[in-house]
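Listed here are the chains, written in short residue letters.
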Amino acid sequence: MAISKKSQNFSAEEKAAMKERAEELKREKRGASEGEDAKAVIDKIAAMAEPDRSLAGRIHELVLAAAPALKAKLWYGMPAYYKDGKNVCFFQDGGKFKARYSTFGFNDPARLDDGNMWPTSFAVLKLTAADEARLTALVKQAVS
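I will try to describe carefully the structure that is included in this document. Keep in mind the model is a prediction, meaning the values are calculated, not measured.

### Description of the pairing of strand β5 (residues 121-124)
Thought 1: Burial along β5 is one-sided: the face carrying Phe 122 and Val 124 is buried and the face carrying Ser 121 and Ala 123 is not.
Thought 2: Direction of pairing for strand β4 (residues 102-106) relative to β5: antiparallel, over a ladder of four bridges. Bridge pairing links Ser 102 to Val 124 in β5.

See the structure below:
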């Protein structure tokens, strides 16, 4: 079966994310401060369109309140939260890859193990009080 040339290429959104990651690595290499990283996350959230901006802002607040040891930093142009230099969780706005929903996800360092199978990513359309409580509990568990 032949693979079309188009399917072998990255989308414009994927290319942009890779360029953002390259810039993040350059900033890391030159020794960007924790304050610079935090400001970059705030600036990225501010640049998002609604409703992603409101979701990202609220999730940012919840994550840092639930786990003050986490440090905000960009990851492929997305707000992410690190512990001991490892990416624990992140927020992907729906607009980034033209998705119909935003995503809050966890990476390998997150301690969410529960049996043989567990979720590591959640679609987010809005946050209710119950959703905020669940997200807070998951973040606390992730860094435990």
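### A closer look at a nonpolar patch on the surface
Thought 1: Together, Phe 10, Met 18 and Tyr 76 line one region of the surface with nonpolar side chains, adding up to about 280 Å² of accessible area.
Thought 2: Within the secondary structure, Tyr 76 is located in the loop between β1 (71-75) and β2 (78-83).
Thought 3: For Tyr 76, a relative accessible area of 32% translates into the label partly exposed.

### Considering the nonpolar core
Thought 1: Membership of the largest hydrophobic core comes to 29 residues, with the highest contact counts inside it found for Val 63, Leu 70, Cys 89, Phe 104, Phe 106 and Val 139.
Thought 2: Only α2 (34-47), α3 (52-66), β1, β3 (86-92), β4, β5 and α4 (129-142) provide two or more residues apiece to this core.
Thought 3: The biggest single contributor to this core is α3, with six residues.
Thought 4: Among the nonpolar cores identified, the runner-up in size contains five residues, and Trp 75, Met 78, Ala 80 and Tyr 82 belong to it.

### Focus on the side chain of Asn 87
Thought 1: Along the chain, the position of Asn 87 falls in strand β3.
Thought 2: From its side chain, Asn 87 meets the backbone nitrogen of Cys 89 in a polar contact 3.2 Å long.
Thought 3: Reaching out from Asn 87, the side chain makes a polar contact with the side chain of Asn 107 at a distance of 3.1 Å.
Thought 4: Excluding anything up to four places from it in sequence, Asn 87 contacts Trp 75, Ala 80, Tyr 81, Tyr 82, Asn 107 and Pro 109.

### Some words on the packing of α2 against α3
Thought 1: It is the contact of α2 with α3, at a shortest axis distance of 8 Å, that shows an interaxial angle of 150 degrees. As far as their axial angle goes, α3 and α2 are roughly antiparallel. When α2 is examined against α3, the residues Val 41, Ile 42, Ile 45 and Ala 46 are found in contact with a partner set consisting of Arg 53, Ala 56, Gly 57 and His 60.
Thought 2: Grouping the amino acids of the contact of α2 with α3 by side-chain chemistry returns five nonpolar, two polar and one charged.

### Regarding the layout of surface pockets
Thought 1: In this model, the largest pocket occupies a volume close to 200 Å³.
Thought 2: It is α4 that contributes the most residues to the lining of the largest pocket, four residues altogether.
Thought 3: A class-by-class count of the residues in the lining of the largest pocket yields eight nonpolar, no polar and three charged.

### What about the sheet that holds β2?
Strands pair in a sheet through their backbones, by hydrogen bonds, and they do so in one of two ways: parallel or antiparallel.
Thought 1: Strand order in the open sheet formed by five strands is β1-β2-β3-β4-β5, and the pairing between neighbours is antiparallel. Edge strands, defined here as strands with exactly one partner in the open sheet, are β1 and β5. Geometrically, the sheet is characterised by an average inter-axis angle of 25 degrees between neighbouring strands, direction not taken into account.
Thought 2: The pairing of β1 with β2 spans five bridges and is antiparallel. Residue pairing for β2: Lys 73 is matched across the bridge by Ala 80.

### Examining the pairing of β4
Thought 1: With five of its five residues buried, β4 lies for the most part within the structure.
Thought 2: Summarising the sheet, β3 and β4 pair through four bridges and their orientation is antiparallel. The partner of Phe 91 across the bridge, within β4, is Phe 104.

About the cut-offs
- Residues numbered from 1 in each chain as written.
- Predicted model: local features only at pLDDT ≥ 70, side-chain atom pairs only at ≥ 80, totals over all residues.
- Heavy atoms only, no water.
- Buried < 20%, exposed > 50% of the residue type's maximum accessible area, 1.4 Å probe, protein only.
- Helix = DSSP H or I, 4+ residues; strand = E, 2+ residues; numbered from the N terminus.
- Pairing = 2+ DSSP bridges.
- Patch = residues over 30% accessible without salt bridge, like charges linked within 9 Å, V, L, I, M, F, W, Y side chains within 5 Å.
- Areas by Shrake-Rupley, 256 points an atom, 1.4 Å probe, with all protein chains shown as cover.
- Salt bridge = Lys/Arg side-chain N within 4 Å of Asp/Glu carboxyl O.
- Core = buried A, V, L, I, M, F, W, Y, C linked by side-chain atoms within 4.5 Å.
- Polar contact = N/O pair within 3.5 Å; in protein donor to acceptor, adjacent residues only side chain to side chain.
- Contact = heavy atoms within 4.5 Å.
- Axes fitted to C-alpha atoms, helices over the stretch in contact; angles between N-to-C directions.
- Parallel < 35°, antiparallel > 145°, perpendicular 65-115°, else oblique.
- Nonpolar A, V, L, I, M, F, W, Y, C, P; charged D, E, K, R; others polar.
- 1 Å grid on protein atoms, 1.4 Å probe; cavity = no way out; pocket = protein on both sides within 12 Å on 5 of 7 lines; lining within 4 Å.
- Points joined across faces, edges and corners; volume = space filled by probe spheres on them.

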